[in-house]
Amino acid sequence: MDRRYFLIGLTTAFTFCAAPILAITKAGAKKLVDSLVKDINKVIASGKSQEAMYSDFEKIFERYSDKSYISAYAMGVDGRRATSAQKRAFSKAFQSYIARKYGARFQEFIGGKLEVGSVKKVKSWYEVSTTAYLRNEAPFDVTFQVSDRAGKNLFFNMYIEGVNLLLTERTEVGALVDRNGGSIDGMISDLKKAS
Amino acid sequence: MVPRLSASRSFMTAFLVLTVSACTSIGSKTVSSNGIYDPYEKQNRQIHEFNRSIDKALVRPAALGYTSIVPDEIEDSVSNFSRNLSSPSIIVNSLLQGDLNGAGVGTFRFTMNSTIGFLGLFDPASIFFDIQEHDADFGETLYVWGVGEGAYLELPFLGPSNQRDTVGMLVDFFTNPLSYIGLDSPEKYFGAGSRVARGLSSRGRYSDAVDSILYESADSYSQARLMGTQNRRFELGDENANVEADPFALDTEGF
């Protein structure tokens, strides 16, 4: 076989492979956020107790978010000197802290809803814009960032009116490390108590 | 009651002097945290502590009282009245930014709400005509003109800001004709009073969210600085100034 045909064949094969993957990511990013928003709206409308809602949010977080990325980002430079045991303990404590903290925030959404809007490609990931409608409030913007870094589409960050929540949490974790005189274990135990 | 006005003016002038001297004293050292230039962190933190204590002792209880006692309809009307008074600034700044559409929206809203909206107590422009509020201020105009945000500043009573927005706020105050109307009558306090009430109204409504930043975070100064700055950049459409991380570039091994 001629080398040129081989190359053409290879290019065609590559194009056929690559096209569906990109298409899946764009549609997939929207599909992920659609389904995420549906689940959040369901919890908001359920009228369950605060405790029950926290555990529902923790499950949503578990299912839809890139947990290892979020934990690694939140720990920031301190992650470089953390032991594997500390990393695992931090991930666990951080996820439950996030569910408590944002679960409490989502309570303000009771009677309101999120609506999915446009999808935009940014570098190697997608940004899905949603609008939050709360009672008696001007609608505001909630953006989810979605990537397939971990092998499937998961959200790895969100912005509320331009405020980067991961950066906010990394600042918080850094402040907890400082407060504990640089001790990672001290920070983890504070995180377990934080609301 | 002119002395009262000149007192508030000299207070504002002191601010302006402070800001301008701050502008000129930017040295070569770059103090930056999360992409925010904050060379006056020490002074800012002192002001933050002052703001926190004022909030705890005065603003928070007043806001919670205000939102729980005053019916929502009246609260909304007072906020509408205050917003309507800032319309002339919005129109002028839209024009300065070359935003004719914004100036038109501002003019329509001001005309409608000042007349059939009973001096701005109601907002028929958005209720009947679906012409929503369009915001513009001189800080934004400076941004459009290419002025950088300068150093981060936390202002007494007002919270997170920066040099550009502080100058913008002062210019808006002195150029708004409504700041000068009714100098010798009690009505002159209506504008300032409604502005304070509008502030209390949002402090009361977002009470839990604000409390979690001011009283539950490990470093409330850093949180307020980060959120205030990012939110303002978002408002201005200046998101490139924020740091973007590539999710594929981070080492997540072990998490």
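Position labels on residues start from 1 in each chain and follow its written sequence. As a convention, the first chain written is A and the first ligand written is 1, with the rest following in written order. Residue-level local features of this predicted model are given only where pLDDT is at least 70; pairs of side-chain atoms are given and counted only at 80 or more, and the full residue set underlies all totals for whole chains, interfaces and linings. Calculated side-chain values reflect all of the structure's heavy atoms, with hydrogen atoms and water omitted.

> I keep staring at the overall build of chain A and nothing clicks. Help me out?
Scanning chain A from N- to C-terminus turns up six helices and five strands. Listing the helices and strands of chain A from first to last along the sequence gives α-α-α-α-β-β-β-β-β-α-α. Here the term buried applies to any residue with accessible area under 20% of the maximum for its type, exposed to any over 50%, and partly exposed to those in between, with areas from a 1.4 Å probe on protein chains only. Within the span of chain A, comprising 195 residues, buried residues form 47% of the whole. Here a residue-residue contact requires only that any non-hydrogen atoms of the pair lie within 4.5 Å. Counting contacts in chain A only where the partners sit at least 6 residues apart, residues at least 24 apart contribute 55% of the total. Carbon together with sulfur atoms contributes 58% to the accessible area of chain A, which is approximately 10,000 Å² in total. Helix and strand assignments come from DSSP, with helices taken as H or I runs of at least 4 residues and strands as E runs of at least 2, each series counted from the N terminus. Surface accessibility in these figures is a Shrake-Rupley result with a 1.4 Å probe; residues are shielded only by whichever protein chains are displayed.

> Which parts of the structure should I look at to understand the environment of Gly-112 of chain A?
Turning to its location among the elements, Gly-112 of chain A is positioned in the loop between helix H4 (84-106) and strand E1 (113-122). Gly-112 of chain A has contacts with Ile-44, Tyr-133 and Leu-134 of chain A, leaving out every residue within four places of it along the chain.

> Please explain the interface of chain B and chain A as it appears in this structure.
Often, the extent of an interface is quoted as the loss of accessible area on bringing the components together. The interface of chain B with chain A comprises 31 residues on the first partner and 40 residues on the second. Counting each side, the surface lost to burial between chain B and chain A is near 3,000 Å², with a carbon and sulfur contribution of 58%. The largest share of the area that chain B buries against chain A comes from Pro-247, Phe-248 and Phe-255 of chain B, three residues that together contribute 24% of it. By salt bridge we mean one thing: a side-chain nitrogen of Lys or Arg within 4 Å of a carboxyl oxygen of Asp or Glu. At the junction of chain B and chain A, the tally comes to zero salt bridges. Any N or O atom pair separated by 3.5 Å or less is treated as a polar contact, with the protein-specific requirement of one donor-capable and one acceptor-capable atom, and with residues adjacent in sequence counted only for side-chain atom pairs. Taken together, the links from chain B to chain A amount to eight residue pairs in polar contact (both at pLDDT 80 or more). Among the elements of the structure, helix H10 (207-214) and helix H11 (220-236) of chain B are those that each provide at least two residues to the side of chain B that touches chain A. Per-element tally for the side of chain B that touches chain A: the top contributor is H11 of chain B, with seven residues. Looking at the side of chain B that touches chain A residue by residue, the classes come out as 12 nonpolar, 10 polar and nine charged. As a working definition, buried area equals the accessible area (1.4 Å probe) given up by two parts on being put together, with both sides summed. Nonpolar residues are Ala, Val, Leu, Ile, Met, Phe, Trp, Tyr, Cys and Pro. Charged residues are Asp, Glu, Lys and Arg, and all others, Gly as well, are polar.

> Even after reading the chapter, I still don't get the side chain of Glu-75 of chain B, so can you show me in this structure?
All names here are of chain B. Assignment of secondary structure puts Glu-75 in helix H3 (residues 72-85). The exposure class of Glu-75 is buried, given its relative accessible area of 1%. Separated by 2.5 Å, the side chains of Glu-75 and Ser-201 make a polar contact.

> How should I be thinking about the packing of aromatic side chains in this particular structure?
What describes a pair of aromatic rings is the distance from one ring centre to the other and the angle between the planes of the rings. A pair of Phe, Tyr and Trp rings is counted when the ring centres sit within 6.5 Å of each other, with Trp represented by its six-membered ring. The angle between the planes then sorts it: under 30 degrees is stacked, over 60 is edge-to-face, the rest tilted. Throughout the structure, instances matching the rule amount to 12 aromatic pairs over all chains. Centroid distance Phe-173 of chain B to Phe-174 of chain B: 5.2 Å. Interplanar angle 85°. Geometry classified as edge-to-face. The rings of Tyr-69, Tyr-73, Trp-125 and Phe-156 of chain A are connected pair by pair, giving a single aromatic cluster. When the ring centre of Tyr-133 of chain A is taken as reference, the NZ or CZ atom of Lys-113 of chain A above it lies at 4.7 Å. Lying across the ring of Tyr-73 of chain A, Arg-170 of chain A places its NZ or CZ 4.3 Å from the centre. In this analysis the charged atom, NZ for Lys or CZ for Arg, is taken to sit over a ring once it is within 6 Å of the ring centre and within 35 degrees of the ring normal.

> Even after reading the chapter, I still don't get unusual backbone geometry, so can you show me in this structure?
Outside of glycine, negative phi angles account for most residues, and trans bonds account for most peptide bonds. Located in the positive-phi region is Lys-123 of chain A, a residue other than glycine, with phi close to 45°. Counting through the fold element by element, Lys-123 of chain A comes out in the loop between E1 and strand E2 (125-133).

> Would you mind going over the confidence of the model for chain B with me for this structure?
The predicted coordinates ought not to be read in detail in places where the model reports low pLDDT. All names here are of chain B. The predicted model of chain B has a mean per-residue pLDDT of 83, with 82% of residues at 70 or higher. Values of pLDDT, ranging from 0 to 100, describe the predictor's confidence in every residue of the model. Overall, residues 1-29 carries pLDDT values under 50, and its contacts beyond four positions in sequence, including any with other chains, amount to 28 contacts. Per the prediction output, this complex has pTM 0.81; the corresponding ipTM is 0.80.

> Sorry, what's going on with the nonpolar core here?
Residues and elements named next belong to chain A. Ranked by size, the top nonpolar core spans 58 residues in total, and within it Ile-40, Phe-90, Phe-94, Phe-109, Phe-155 and Met-187 carry the most contacts. The element contributing the most residues to this core is helix H1 (residues 3-46), with eight residues. Residue contacts for Phe-155: discarding those within four places in its chain leaves Leu-32, Leu-36, Phe-61, Tyr-64, Ser-65, Asp-66, Ile-70, Phe-144, Gln-145 and Val-146. What is meant by a nonpolar core is a set of buried Ala, Val, Leu, Ile, Met, Phe, Trp, Tyr and Cys residues, joined one to another through side-chain atoms within 4.5 Å.

> Is there a simple way to think about the environment of Ile-188 of chain A in this case?
Residue and element names in this part refer to chain A. With respect to the helices and strands, the residue Ile-188 is situated in helix H6 (residues 184-193). Separated by 94 residues in the primary sequence, Ile-188 and Phe-94 have C-alpha atoms spaced 8.1 Å apart. The contact partners of Ile-188, leaving out residues within four places of it in the chain, are Gln-86, Ala-89, Phe-90 and Ala-93.

> Help me out: how do you make sense of the pattern of salt bridges in this one?
A side chain of one charge can pair with a side chain of the opposite charge when the charged atoms of the two come close. Residue and element names in this part refer to chain B. This model, assessed by the stated rule, comprises 29 salt bridges over all chains. A salt bridge links Glu-41 to Arg-225; its shortest N-O distance comes to 3.5 Å. Of the two residues, Glu-41 sits in helix H2 (residues 41-69) while Arg-225 sits in helix H11, which places them 184 residues apart along the sequence. Given the relative accessible area of 24%, Glu-41 is considered partly exposed. The salt bridge involving Asp-165 is made with Arg-164; its shortest N-O contact spans 4.0 Å. The exposure class assigned to Asp-165 is buried, which follows from its relative accessible area of 12%. Residues joined by salt bridges that share partners form a network here, namely Asp-38, Glu-41, Arg-45, Asp-219 and Arg-225.

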